[in-house]
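Listed here are the chains, written in short residue letters.
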Amino acid sequence: MVEDTRLIELKGISKSFGTTQVLKNIDLYIRRKEFVTLLGPSGCGKTTMLRIIGGFETQDEGKLIFDGKDLSGVPPYKRRVNTVFQKYALFTHMNVYDNVAFGLKLKKPEELLSGVSNPTRKQVKEEINRRVTRMLKLVKMDAYAKRSVDSLSGGQQQRIAIARALVNEPEVLLLDEPLGALDLKLRREMQLELKTMQQQLGITFIYVTHDQEEALTMSDTIVVMNGGEIQQIGDGKSIYDEPKNAFVANFIGDSNILDAVMVQDYEVFAAGRSFECVDEGFAPNEPVDMVVRPEDIMIVGEDVGMLPGEVKSVLFKGVHYEMFVEAAGFNWKVHSTSMYPVGSRVGLSVVPSNIHIMHKMKEQTAPAAEESK
Amino acid sequence: MKRSYFSAPYAVWMVVFTIFPIVFVGLYAITTRRADGNDLYTGLANIGNIFGNEGTYMKVLWRSLSLALQCTAICLLLGYPCAYFLASKDFAKHKTLYVLILLPMWMNFLLRTYASMGLLERNGVINSIVTALGFKRLELIGTQGAVLYGMVYNYLPFMILPIHTVLKKMDQRVIEAAQDLGANPVRVFYKVTLPLSIPGIISGITMVFMPSVTTFAISGLLGSGNFMLIGDVIETQFMSANNWNFGSALSLFMTVLILISIGLLNRMDKSKTGNGGGKW
C-alpha cells in the first residue's frame, strides 16, 4: 500500500525549450509505493516532467528532491530510477536475456551479492542468471531468453522493456506511454499486469499517458496536466466526480459543459432556466461552467422533464446508447441503456448532486471543451 | 509498359562497360600473346608468374596490403572520433564542419595528390617553414610515410561519412536507456554506441580498404616511384610493358582477393548486427 512518506518532491520546476515554456512552476510530491499517473494531452509537459525525474532533461528553475536529497545535476546513471521508454528502446545488438541483464552486469559484485564477501565471478554470473530468469518469468517471457529482440512482437518487446527496467529493483519506475503502441485488448491486459506487478514489488510507478481510461484503471493518484500546468491532483474517483475545471471535466470522461451564472448558493442559471445544485461559495451572479456527465442525464417524458427536447442522433456504444438531444438551444450528450429513436420528443432531467459548478478558467486553454458546444 | 524496361539503358551500359571488360580480363589472363600476334591458351601460367620472379610481385602485393591496412586503421582511428563529434548534438547545427570534410571529395584525387606534392616537396611549403624556422630540411617526399599520408588524406572522408550516417540515425532513446540502466558515458559508448555503429564501421573499412589496396598514382607521385604498389604494377603492365595478359592475371588475382575480403567483412557485419544500415 501507499506509504505516507514523500519519496519525490518537485518544487517550483519550470522548463522551457527555446521560447516555449513547457513546464510552469510545477509543485508535486509522490509518495513511496504510489502509482502516480501524469495525464494530459500531447504537449502538456508530462513527458518533460518524467524526463526531468529520470535525469534526461534539466529543469531551468526549481528543485527535484529524491528521498530527501536534491537530485539536480545528478546524471541518469547515478539515479535509483529506471525508465520504460515509449518505443521500448531495446538494444537490438543483444538478445532478450542480455537486454534484461544489461543493468545487472553494470552493478558492482558487492551490490548484487550483499551477503557474500569477495564474490567469485561464477557466483556473480549465477546471481545475475537467477534474477534475470525470475524477471523473465514475471513478464512471461522466459521461453524467449535467447531470441533476438527484433523477432519479438510489440507486446513482447514491451514486456522485455519492463523486465529490463524492473530487474534492477529501482525505487521508482518511470513509464512513458509504455502501452501506446499496443492494440486495445493487449493494452487492457497489460494495464492489469502492470498494476499487479507494482503492488507485488512495492515500487513507486510514475506513469505518463494521454489515455484517461488507462489512468483511471491503474492509478492511486492522477495528476491532470494541461499547458505545462497541473490542473488537478487526486484519485480517479475524485477527479471524475469532482473535476476542478472544464478542462478536467472534458478530458476525463465525457461532459456537457454549459456557460452558466451562479445566481446564489445552490442555484445556477443555464439553458434558459434555473437548476437546483449543491454548490456554494460563489460570488452572486458569477459566470461559471456547469458540467453534467452524459450518464447523469435521465430521459423522461417530455412533459415531466426539466427540459423538453428532441433526439437528434443515436449511436450504439455496446453497453449504452449515446444520444444527442437538442434542448434549450444546447446539444446534450446523453448516455442511456434504453434507446429513443431520432426525432422523438423527450424530456431531460438531472438530480442536483449531479450538476457540477466550476469557476471559469482564467485563459481558454481547453480547445477540446469547445467542441461539444 | 513494365517498369523493368526503365533499367534497359543501365543494363546495356553494364554489359558493355562491366561484363565485357571482366570477360576480356579473364580471357587475357589465361592466354599469352605470341610473337606472331596470336593468342595462345596457357591456362594458369600467368597466375603462376605472380608467385614467381623471385617473389618480386608477392613483395609488392604484400606492401600494398600492408599499406592499405595501415591506411584503413589510421582512417578508422581518425575518422571515428570525427564522425562521433559531427553526429553529436553540439555539432549538429554546424554544417560548416561537415562541408569542410566533404569538400576535398568534390575535387579530383589527382589534383589533391599534386597539391600534396607541393606541400611535401624538398622545396615545398612544409620545408620552407621548417628551414625558415632554422631547422634541418626534412625528407618527406619519396618516403613510405608520404605515400601513407596521401592515401589517408584521400580516403578519410569515405571512412567518416558512413560512420557519421549510422551515428546520426542512432535512436537517442537507446543511449538514454543505457544511461538509465546505470552505464556511465564510457560504458554507454563501449556497450551500446560502438556495437550499434559496426555497420557504419564495416562500410567505412570497405570503402577505404578496397580502393587503397589497388591505389596507384599516389605511390608514384608521393613515393617518387620508390614504393611500387600492386596498382602501379598493373598500370605498368598495360601502359608501358605492353603485357596485357600478365596485367590481366594480376587484376584478376586482386579482384578475387578483394571479393574474399568483402565476403569476410559482410560476414562480420551479419554476425554482429541484425541489419546492415551503414550504406549511404
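No experiment lies behind these values; they were computed from the predicted model shown. (Residues numbered from 1 in each chain as written. Chains lettered and ligands numbered in written order. Predicted model: local features only at pLDDT ≥ 70, side-chain atom pairs only at ≥ 80, totals over all residues.)

Enquirer: In this structure, what is going on with the overall build of chain B? I would like to understand it.
Expert: Scanning chain B for helices and strands turns up 14 helices and two strands. A principal-axis box enclosing the C-alpha atoms of chain B has dimensions of 75 × 70 × 40 Å. A buried classification covers 33% of the 280 residues belonging to chain B. If you take every contact in chain B between residues at least 6 apart in sequence, the share linking residues at least 24 apart comes to 70%. (Helix = DSSP H or I, 4+ residues; strand = E, 2+ residues; numbered from the N terminus. Buried ≥ 20, exposed ≤ 12 C-beta atoms within 10 Å, placed from the backbone. Contact = placed C-beta atoms within 7 Å.)

Enquirer: Quick question: what am I supposed to make of the overall build of chain A here?
Expert: Scanning chain A from terminus to terminus reveals 10 helices and 20 strands. Principal-axis analysis of the C-alpha atoms gives chain A an extent of 85 × 45 × 40 Å. Scored against the burial criterion, the 373 residues of chain A give a buried share of 40%. If you take every contact in chain A between residues at least 6 apart in sequence, the share linking residues at least 24 apart comes to 66%.

Enquirer: Quick question: what am I supposed to make of the sheet that holds strand β14 (residues 286-292) of chain A here?
Expert: Two modes of strand pairing occur in sheets, parallel and antiparallel, and in both the strands are linked by backbone hydrogen bonds. Residues and elements named next belong to chain A. Strand order in this open sheet of five strands is β13-β12-β11-β14-β20, and the pairing throughout is antiparallel. On the outer flanks of this sheet lie β13 (273-276) and β20 (356-359), each paired with one strand and no other. With strand direction ignored, the average angle separating the axes of adjacent strands in the sheet is 45 degrees. By the bridge criterion, three bridges tie strand β11 (residues 256-264) to strand β12 (residues 267-270) in an arrangement that is antiparallel. Bridge pairing links M262 to V268 in β12. (Pairing = 2+ DSSP bridges. Axes fitted to C-alpha atoms, helices over the stretch in contact; angles between N-to-C directions.)

Enquirer: Explain the environment of R345 of chain A here, please?
Expert: Residues and elements named next belong to chain A. With respect to the helices and strands, R345 occurs in strand β19 (residues 345-349). R345 sits in the partly exposed class, given 13 other C-beta atoms within 10 Å. Residues R345 and N95, spaced 250 residues apart in sequence, show a C-alpha to C-alpha distance of 64 Å. When near neighbours in sequence (up to four residues on either side) are disregarded, R345 contacts E302, P308 and E310.

Enquirer: Any chance you could explain helix α2 (residues 96-106) of chain A here in plain terms?
Expert: Given 3.6 residues to a turn, an α-helix orients residues that are three or four positions apart in the same direction. All names here are of chain A. With eight of 11 residues buried, α2 lies mostly within the body of the structure. V96, Y97, N99, V100, A101, F102, G103 and L104 are the residues of α2 that are buried. Here the buried face of α2 lies against α3 (109-112), α4 (121-138) and α5 (154-166).

Enquirer: Would you mind showing me how to read the pairing of strand β16 (residues 307-316) of chain A here?
Expert: Regular strands show a simple pattern: their side chains alternate between the two faces of the sheet. Residue and element names in this part refer to chain A. Here β16 runs beside β19; their pairing, made up of four bridges, is antiparallel. From the neighbouring strand, G309 faces β19, where its bridge partner is V346. For β16 and strand β17 (residues 321-327), the ladder comprises six bridges, and the chain directions are antiparallel. For V314, the partnering residue across the bridge sits in β17 and is M323.

Enquirer: Explain the interface of chain B and chain A to me, please; I cannot follow it from the model alone.
Expert: It is common to report an interface's size as the accessible area lost on association of the parts. With 18 residues of chain B in contact, the opposing surface of chain A contributes 20 residues. When residues of the side of chain B that touches chain A are traced back to their parent elements, those giving at least two are α9 (172-180) and α10 (185-196) of chain B. When residues of the side of chain B that touches chain A are assigned to their parent elements, the largest contribution, six residues, is made by α9 of chain B. A per-class count over the side of chain B that touches chain A returns seven nonpolar, five polar and six charged. (Nonpolar A, V, L, I, M, F, W, Y, C, P; charged D, E, K, R; others polar.)

Enquirer: Would you take a moment to explain the confidence of the model for chain B for this structure?
Expert: In regions of low pLDDT, the predicted coordinates are not meant to be interpreted in detail. Residue and element names in this part refer to chain B. Model confidence for chain B is summarised by a mean pLDDT of 86, while 95% of its residues fall at 70 or above. Of all helices and strands in chain B, the one with the weakest mean pLDDT is helix α4 (residues 89-92) (71), whereas α10 scores best (94). Taken together, the stretch residues 273-280 has pLDDT below 50 and engages in 20 contacts with residues farther than four places along the chain or on a different chain. Note on the complex model: pTM 0.80, ipTM 0.81. (pLDDT = per-residue confidence, 0-100.)

Enquirer: In this structure, what is going on with the pairing of strand β8 (residues 204-209) of chain A? I would like to understand it.
Expert: All names here are of chain A. Across the six residues of β8, six count as buried, placing the element largely inside the fold. Because side chains alternate across β8, one face comprises the buried residues T204, I206 and V208, and the other comprises F205, Y207 and T209, equally buried. Relative to β8, strand β3 (residues 35-39) runs parallel, the two being bridged by five bridges. Residue pairing across strands places V36 opposite I206, the latter belonging to β8. The pairing of strand β7 (residues 172-176) with β8 spans five bridges and is classified as parallel. The residue of β8 that forms the bridge with L175 is Y207. As for the winding sense of the linkage, the β-α-β connection from β7 through helix α6 (residues 184-201) to β8 is right-handed. (Right-handed = clockwise from strand over helix to strand, strands pointing away.)

Enquirer: Any chance you could explain unusual backbone geometry here in plain terms?
Expert: Glycine aside, residues mostly have negative phi angles, and peptide bonds mostly take the trans form. Notably, N285 of chain A is not glycine yet its phi reads approximately 60 degrees, a positive angle. We note that A217 of chain B has phi near 75 degrees; this positive angle belongs to a residue other than glycine. Residue position: A217 of chain B is located in the loop between α11 (198-213) and α12 (218-222). Classification of A217 of chain B as partly exposed rests on a count of 17 C-beta atoms within 10 Å.

Enquirer: Where do I start with the sheet that holds β16 of chain A in this structure?
Expert: Residue and element names in this part refer to chain A. With antiparallel pairing, five strands are arranged side by side in an open sheet as β15-β19-β16-β17-β18. Among the strands making up the open sheet, the edge pair consists of β15 (298-300) and β18 (330-336). Within this sheet the neighbouring strands show an average axis-to-axis angle of 45 degrees, counted without direction. The pairing of β15 with β19 spans three bridges and is antiparallel. Bridge pairing in β19 places I299 opposite L348.

Enquirer: Explain helix α8 (residues 144-169) of chain B to me, please; I cannot follow it from the model alone.
Expert: With 26 residues, α8 of chain B extends 38 Å between its outermost C-alpha atoms, agreeing within 8% with the 38 Å of an ideal straight helix rising 1.5 Å per residue. Of all the 26 residues making up α8 of chain B, 20 are buried; the element is thus mostly covered by neighbouring parts of the structure. (Expected span 1.5 Å × (residues − 1).)

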